[in-house]
Amino acid sequence: MKKNTRTRKLNSSATRNKKNTRSDKFQQQAVRRHAPPPDPTAAINGVDMISQLPDDILTSIISRLSLAEAAATSILSTRWRRLWTHTTCLNFPHFEQQRGSSEKYMKYLHEIKFPNYVKFIDRVLDSYNNDGILTEFSIHMPCLEGANIEKWIEFALSRKVEIIDISMVYLINATKIGSYRFPWPSNTSSLRCVKSLKELTLGAVDLDDRDIKLLISSFIFLERLSILRSQKLRNVAIVGHLGLKLKHLEVSHSRNVESIEICDATSLVSLKCYRLPFTYILRLDNVPRFTEFDTSDQYRNTLADVLPRIPSSVHDQLLQLKLTTAPEFIRATEADYILPKLINLKHLELRVIMNIDTDTSKLFHLIEACPLLEKLEVKFL
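This write-up is about the structure you can find in this document. (Residues numbered from 1 in each chain as written. Predicted model: local features only at pLDDT ≥ 70, side-chain atom pairs only at ≥ 80, totals over all residues. Heavy atoms only, no water.)

### Considerations on the overall build of the protein
When you go through the protein residue by residue, the secondary structure sums to nine helices and 18 strands. The buried share of the protein, reckoned over its 381 residues, is 42%. For the protein, the proportion of contacts with a sequence separation of at least 24, taken over those separated by at least 6, is 65%. For the protein, the accessible area works out to roughly 21,800 Å², and carbon and sulfur atoms hold 52% of it. (Helix = DSSP H or I, 4+ residues; strand = E, 2+ residues; numbered from the N terminus. Buried < 20%, exposed > 50% of the residue type's maximum accessible area, 1.4 Å probe, protein only. Contact = heavy atoms within 4.5 Å. Areas by Shrake-Rupley, 256 points an atom, 1.4 Å probe, with all protein chains shown as cover.)

Here it is in structure tokens:
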């Protein structure tokens, strides 16, 4: 009897131990599941492994951070204090504004916030490594007095920058965006020495017809040029530059443009003409590599208006067409106009403006004009 009682006690104890072991195992698994992943930057045996990497690798890592994040790495240690000044990308944070701002806030913005933004840019440039080479430089801000844009562009060009983006933005409660005159040096021939600049974007920067000619003749190695919201442009002419490297051109949101003429631009691949007056005239000649056209029908600069001005040889070159339109703007059967065949077009992207009464059947006229079409994208707006 005693032996049986002792046996039952031993079995009960073994069962409890198994349950406890199983419970401990489940708890350990739960801890492992909810535990944070190991920190790859954590020191191993007291040694900071990431800081042992060569400067060029650390600079490459920092260059992938935002400018504020890159500057923040300076507090990590003396090893990191000056590394951020070697970053290859100086993309300054966009100037932020509050919507529906009060008169008190607008005064603060003009007298304190914007001057501090300008000082921040100046401090960054003053701290930047003297031997550094830039790949990107961008600033988006309102056009207010006190900005040192001439100095900033000169700084970027002196660092052999590849991409520049200078854009003026609307000031809250302002009736217009403001404008800024492009800072031409007294001796424009010095710009021919700038071989590094490959992409240039200018938003709400005042450029007239003469300025475009200067840009094209000065930055001869430029591959991408984007002109946005430039209200002084009238007649854009890129003519007779056989050695021009320009591959991509955009002229958009410029309401006073009357004509765009491109001739002998033998490297040009793509052209974007967006939100221009419906009366503007487009002329293209000797653009053998031109294959991509992006245009807007929204203001009635319809294909019936645009395509007839392009030689049929250029029609045959087109491989990609992007079009913002409303179906009623596609005039396919008129007495004096027949929609031309786009015999080699492979990719058609339609951004279609719709309402309840829209008849989409007219879109088929355009699709039928593309016998070799391989890809069709339709986005309803």
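And the narrative resumes.
### Some points on helix H6 (residues 209-218)
Buried within H6 we find Asp211, Ile212, Leu214, Leu215, Ile216 and Ser218. Put simply, Asp208 is the residue that caps the front of H6, since its side-chain oxygen is 3.1 Å from the backbone nitrogen of Arg210. (Polar contact = N/O pair within 3.5 Å; in protein donor to acceptor, adjacent residues only side chain to side chain.)

### Here's the deal with helix H2 (residues 55-62)
For H2, the set of buried residues is Leu58, Thr59 and Ile62. Around the axis of H2, the buried residues are gathered within 100 degrees of arc, so they sit on the same side. Of the surrounding secondary structure, the elements contacted by the buried residues of H2 are helix H3 (67-72). (Arc of directions from axis to C-beta.)

### A look at the pattern of salt bridges
As enumerated under the stated definition, the model contains seven salt bridges in all. Between Asp206 and Lys232 there is a salt bridge, and its shortest N-O distance comes to 4.0 Å. Taken together, the positions of Asp206 in strand S6 (residues 205-206) and Lys232 in the loop between strand S7 (224-228) and strand S8 (235-239) put the pair 26 residues apart, joining distant regions of the chain. Classification of Asp206 by relative accessible area gives buried; the value is 10%. Taking relative accessible area as the criterion, Lys232 reaches 43% and is therefore assigned partly exposed. (Salt bridge = Lys/Arg side-chain N within 4 Å of Asp/Glu carboxyl O.)

### Focus on the side chain of Thr324
Take Thr324: it is sitting in strand S14 (residues 320-325). Judged by its relative accessible area of 0%, Thr324 falls in the buried class. Among the polar contacts listed, one links the side chain of Thr324 to the side chain of Tyr274, at a separation of 3.3 Å.

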